[in-house]
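# Chain and residue survey
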Amino acid sequence: MSTLTNPHDKFFKAVFRRKEVAQDFLRHDLPADVVALLQLESLEYVNDSFIDKHLQEFYSDLLLKVSLITGAQGWIYILIEHKSYQEPLTPFHLLRYMVNVWDMVLAQRQPREPLTLPVILPVVLYHGKTRWRAGRHLHEVVPCPDVFRAFLPDFQYVLWDATAYADEHIKGVVILRATLLLFKYILRPELRERLPGILGLLHTVITKRRGLEYLETMLKYILSASPTDAISYEELTRTVDEVLPHIG
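### With respect to helix α6 (residues 191–200)
- For α6, the full list of buried residues reads Leu-191, Leu-195, Ile-198 and Leu-199. Seen end-on, α6 carries its buried residues on one side only, within an arc spanning 90°. Seen from the open side of α6, the exposed residues pointing more than 90 degrees away from its buried face are Glu-193 and Gly-197.
- Where α6 is buried, its residues contact α5 (174–185), α7 (209–225) and α8 (233–243).

### Re the environment of Lys-184
- Mapping Lys-184 onto the fold places it in helix α5.
- Residue Lys-184 is classed as buried on the basis of its relative accessible area of 7%.
- For the pair Lys-184 and His-127, spaced 57 residues apart in sequence, the C-alpha to C-alpha distance is 5.6 Å.
- Every residue in contact with Lys-184, bar those within four places of it in the chain, is listed here: Ala-162, Tyr-165, Ala-166, Asp-167 and Ile-170.

### Notes on the confidence of the model for the chain
- With 87% of its residues at a pLDDT of 70 or more, the chain shows a mean pLDDT of 85.
- For the chain, the element scoring lowest by mean pLDDT is strand β3 (residues 73–81), at 67; α5 scores highest, at 95.

### Structural notes on the pattern of salt bridges
- Evaluation of the coordinates by the stated rule reveals 8 salt bridges.
- A salt bridge links Arg-27 to Asp-24, with the nearest nitrogen and oxygen atoms 2.7 Å apart. With Arg-27 and Asp-24 both in helix α2 (residues 19–29) and 3 residues apart, the pair spans about one turn of that helix.
- Residue classification places Asp-24 among the buried positions, given a relative accessible area of 7%.
- In this structure, Arg-188 and Glu-190 form a salt bridge, with 3.1 Å as the shortest nitrogen-oxygen distance.
- Several salt bridges converge on common partners, so that one network encompasses Asp-167, Lys-184 and Arg-194.

### Brief notes about the packing of α6 against α8
- Between α6 and α8, the shortest axis-to-axis distance is 10 Å and the interhelical angle comes to 40°. Between α6 and α8, the angle is such that the two are oblique. Pair α6 / α8 crosses with right-handed handedness. Contact with α6, carried on its side by Arg-192, Leu-195, Pro-196, Leu-199 and Gly-200, involves Glu-235, Leu-236, Thr-239, Val-240 and Val-243 of α8 and no other residues of that element.
- Here the contact of α6 with α8 is composed, by residue class, of 6 nonpolar, 2 polar and 2 charged.

### A few points about the packing of aromatic side chains
- Scanning all chains against the criterion turns up 8 aromatic pairs.
- Ring plane angle 75° and centroid distance 5.7 Å describe the contact between Phe-11 and Phe-183, whose orientation is recorded as edge-to-face. Remark: Phe-183 occurs in helix α5 and Phe-11 occurs in helix α1 (residues 7–16); sequence separation between them is 172 residues.
- For Phe-11, a relative accessible area of 0% corresponds to the buried category.
- Overall, the relative accessible area of 0% leaves Phe-183 in the buried class.
- Here the aromatic rings of Phe-183 and Tyr-221 are separated by 5.9 Å at their centres, their planes lie at 85°, and the arrangement is edge-to-face. Note that Phe-183 is positioned in helix α5 and Tyr-221 in helix α7, a separation of 38 residues in sequence.
- On the accessibility criterion, Tyr-221 (0% relative accessible area) is buried.
- Here a set of aromatic residues connected by ring pairs shows up, and it is made of Phe-11, Phe-183, Tyr-214 and Tyr-221.
- Stacked on the ring of Tyr-157, the Lys or Arg Arg-136 has its end atom at 5.4 Å from the ring centre.

### What to know about the pairing of strand β5 (residues 158–161)
- The side-chain alternation of β5 yields two buried faces, one formed by Val-158 and Trp-160 and the other by Leu-159 and Asp-161.
- The pairing of strand β4 (residues 119–126) with β5 spans 4 bridges and is classified as parallel. Bridge pairing links Leu-125 to Trp-160 in β5.

What counts, and at which threshold
- Residues numbered from 1 in each chain as written.
- Predicted model: local features only at pLDDT ≥ 70, side-chain atom pairs only at ≥ 80, totals over all residues.
- Heavy atoms only, no water.
- Buried < 20%, exposed > 50% of the residue type's maximum accessible area, 1.4 Å probe, protein only.
- Helix = DSSP H or I, 4+ residues; strand = E, 2+ residues; numbered from the N terminus.
- Arc of directions from axis to C-beta.
- Contact = heavy atoms within 4.5 Å.
- pLDDT = per-residue confidence, 0-100.
- Salt bridge = Lys/Arg side-chain N within 4 Å of Asp/Glu carboxyl O.
- Axes fitted to C-alpha atoms, helices over the stretch in contact; angles between N-to-C directions.
- Parallel < 35°, antiparallel > 145°, perpendicular 65-115°, else oblique.
- Left-handed = near helix turned anticlockwise from the far one by under 90°.
- Nonpolar A, V, L, I, M, F, W, Y, C, P; charged D, E, K, R; others polar.
- Phe/Tyr/Trp six-rings, centres within 6.5 Å; stacked < 30°, edge-to-face > 60°.
- Lys NZ or Arg CZ within 6 Å of the ring centre and 35° of its normal.
- Pairing = 2+ DSSP bridges.

In C-alpha cells form, the structure reads like this:
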C-alpha cells in the first residue's frame, strides 16, 4: 500500500470534502448560538485557487460558503493545524487569509450589488501532542499598552483541540467521529490500543463503496502519519482482519 505525502492535510481534505461530514462537524463543534444562525443544508464548497501561495504552508485550503437564516451569506474557513508544536502567529495568518477572501468577494461583486463584506468565521482544528496554547486573538501577538488596543484589528477564531476532548464527547456521523478520534491519537502512543475501537465504528458504513474508500484512505493515513514505532503494516493488517473480518 502506497503512503501519502502531506498525509494530515490529504486525509483531512478527503474526509471534510464530504458535505455531510463538514455539516456535522459544524453542527456539533461550533458554538450553539452560531449554529442556530446557519442554514447548514445550504453549505457549498468554494473554489480556493485564489489562496496566496505563501499561505499554503499554514492552511488546508478548505473554504465553505453557507447561508444565514437572515438571508445574508457567511464564509466559514476550516483550518487543520497538524503540527506537533504551537503556532503563535495563527491569528496573524488567519487575518491574511480573511483579507484574501474579502478581496475575492469584492473582485467578483456585480456592479449593482451592495458594497458590503460577508462574515468570515475562522475555525482552527488542531490535533498535536499537547494542548493548544497559542493565542486566540491578534492582540496576543502584538504586545502593546492598552491605549493602542483600539487601533488593532482583532477577532477570535473557533478552536477544536483534539487534546481537550474525551472520546465520548466527540460527536457526529460515523466517518466524522472516526476521523476526529484518529486525529486525536495519530501522534500518541495510545494509537495501537485505540485503533480497534476506531475501526469498529465503521461496521455500519464499510459495506458501502464510499465506506471502503474511506477505510483505504484511513489506512494509508495511519501508515504515513503515525510515528514509526506506533504500529507496523502487519499489526495494522491484523487489526483490520480482527475488527472488520467481513471485508476480505
